[in-house]
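Okay, here's what each chain looks like letter by letter:
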Amino acid sequence: MNKPKVAIFDFAGCEGCQLQIVNMEEEILDLISIVRLVEWREGMSEQSEEYDVAIVEGSITRPQDEEKLRQIRGRAKILVALGACATDGGVNKMKNRFDLQEVKQVVYGADSALPHLDSAPTKAVDEVVPVDYKIYGCPIDRREFAYVVRSLVMGKRPEIPNYPVCVECKRKENVCRYEYQEICLGPITRAGCDARCPSFGTWCFGCRGSVDESNVQAAREVMERYGKNVEDLEDRMLLFSNK
Ligand code: SF4
Ligand code: SF4
Ligand code: SF4
């Protein structure tokens, strides 16, 4: 079998999505047996400029990152964005709502003028280069990662859910968080995590991003039914839905 060469790269992020891969334990051995891993800073010391599939974690927050990402895209036949930072900009995009100089000053203080701390508005990977597939979530779901890798090896297009978390939540017969007077982003957030947060007793905070055509009117009606307003919903969206 001609195994596809896979390389994993990271930009700005907490590396929690890569940690999810590391934590796959035995299953990662199965995956490694069907691909040839040629570069992965977090897991090996080898490097390579030849790969079929590039898996990219993290968002793009510095001008020099864009050039590196374009090189990766130029070498890879398939590029997969890994995790919310890569697919949507993630929590890093919160800085886009503020003046960048002010952000640098707050974070780095007297060192904020150092050249290697150059900073630009945060971009998701597909705001710089074309992306073939996205693995959503903060962090990603390990089962979904394994499914996407297996699909690509078999030459199949992975099917990523494009319906709301509420669908999975209802399937699991959870009591809706709105019944507890909480605000939950499940009605407008992409499913695929098996309604992880409501199943563990908390609201969905939207880490998988919005479904492509979210039913905003239905979400509005839910808010009204439970005596909430749209501003409450928008406040909750500030964590993962910044432009
Ligand atoms: S998506 Fe979340 S877990 Fe993954 S790298 Fe970004 S911040 Fe970390
Ligand atoms: S709003 Fe939240 S808690 Fe309620 S059904 Fe949807 S995902 Fe579940
Ligand atoms: S329930 Fe919402 S916040 Fe929790 S993992 Fe799923 S998409 Fe992310």
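Not measured: the values here are computed from a predicted model.

The rules we used
Residues numbered from 1 in each chain as written. Chains lettered and ligands numbered in written order. Predicted model: local features only at pLDDT ≥ 70, side-chain atom pairs only at ≥ 80, totals over all residues. Helix = DSSP H or I, 4+ residues; strand = E, 2+ residues; numbered from the N terminus. Near = placed C-beta within 6 Å. Pairing = 2+ DSSP bridges. Axes fitted to C-alpha atoms, helices over the stretch in contact; angles between N-to-C directions. Contact = placed C-beta atoms within 7 Å. Domains from an automatic or database assignment. Nonpolar A, V, L, I, M, F, W, Y, C, P; charged D, E, K, R; others polar. Core = buried A, V, L, I, M, F, W, Y, C linked by C-beta atoms within 7 Å. Buried ≥ 20, exposed ≤ 12 C-beta atoms within 10 Å, placed from the backbone.

With that settled, consider the environment of Val-175. Here Val-175 lies in the loop between helix H7 (165-171) and helix H8 (196-199). When the C-alpha atoms of Val-175 and Ala-84 are compared, they prove to be 27 Å apart, with 91 residues separating the residues in sequence.

Our focus in this paragraph is the site of ligand 2. Around ligand 2, the surrounding shell holds 14 residues, and the nearest of these are Cys-166, Cys-169, Cys-176, Cys-184 and Gly-186. No other element matches H7, which puts 4 residues into the shell around ligand 2.

On the basis of which strands lie adjacent, the open sheet formed by 5 strands has the order S2-S1-S3-S4-S5 and parallel pairing. If you trace the sheet from one side to the other, it starts and ends with strand S2 (36-40) and strand S5 (133-135), each paired once. Pairwise comparison of adjacent strand axes, ignoring direction, gives a mean angle of 20 degrees for this sheet. In the sheet, strand S1 (residues 5-10) pairs with S2 via 4 bridges, with the strands oriented parallel. What sits directly across from Ile-8, in S2, is Trp-40. Against the sheet, helix H6 (residues 142-153) engages strand S3 (53-57), strand S4 (78-82) and S5, with an angle of about 160 degrees to S5.

This part covers the domain arrangement of the protein. Per the domain assignment, the segments of the protein are domain 1 (5-153) and domain 2 (165-237). Put simply, the middle of domain 1 and the middle of domain 2, counted by C-alpha atoms, are 27 Å apart. Taken together, the contact pairs 8 residues of domain 1 with 6 residues of domain 2. At 3 residues, the largest contribution of residues to the side of domain 1 that touches domain 2 is made by helix H4 (residues 84-88). Across the side of domain 1 that touches domain 2, the residue classes tally to 3 nonpolar, 2 polar and 3 charged.

Where a protein is soluble and globular, its nonpolar side chains tend to be buried together. Grouped together as the largest cluster of nonpolar side chains are 35 residues, with contacts concentrated most on Val-53, Ala-54, Ile-55, Val-56, Val-80 and Leu-82. Broken down by secondary-structure element, the contributors of at least two residues to this core are S1, helix H1 (16-22), S3, helix H3 (63-75), S4, H4 and H6. Other than its neighbours up to four places away in sequence, Ala-54 contacts Ala-7, Phe-9, Ile-72, Ala-76 and Leu-79. Judged by nonpolar contacts, the second largest core, of 14 residues, contains Cys-169, Cys-193, Cys-197 and Cys-204.

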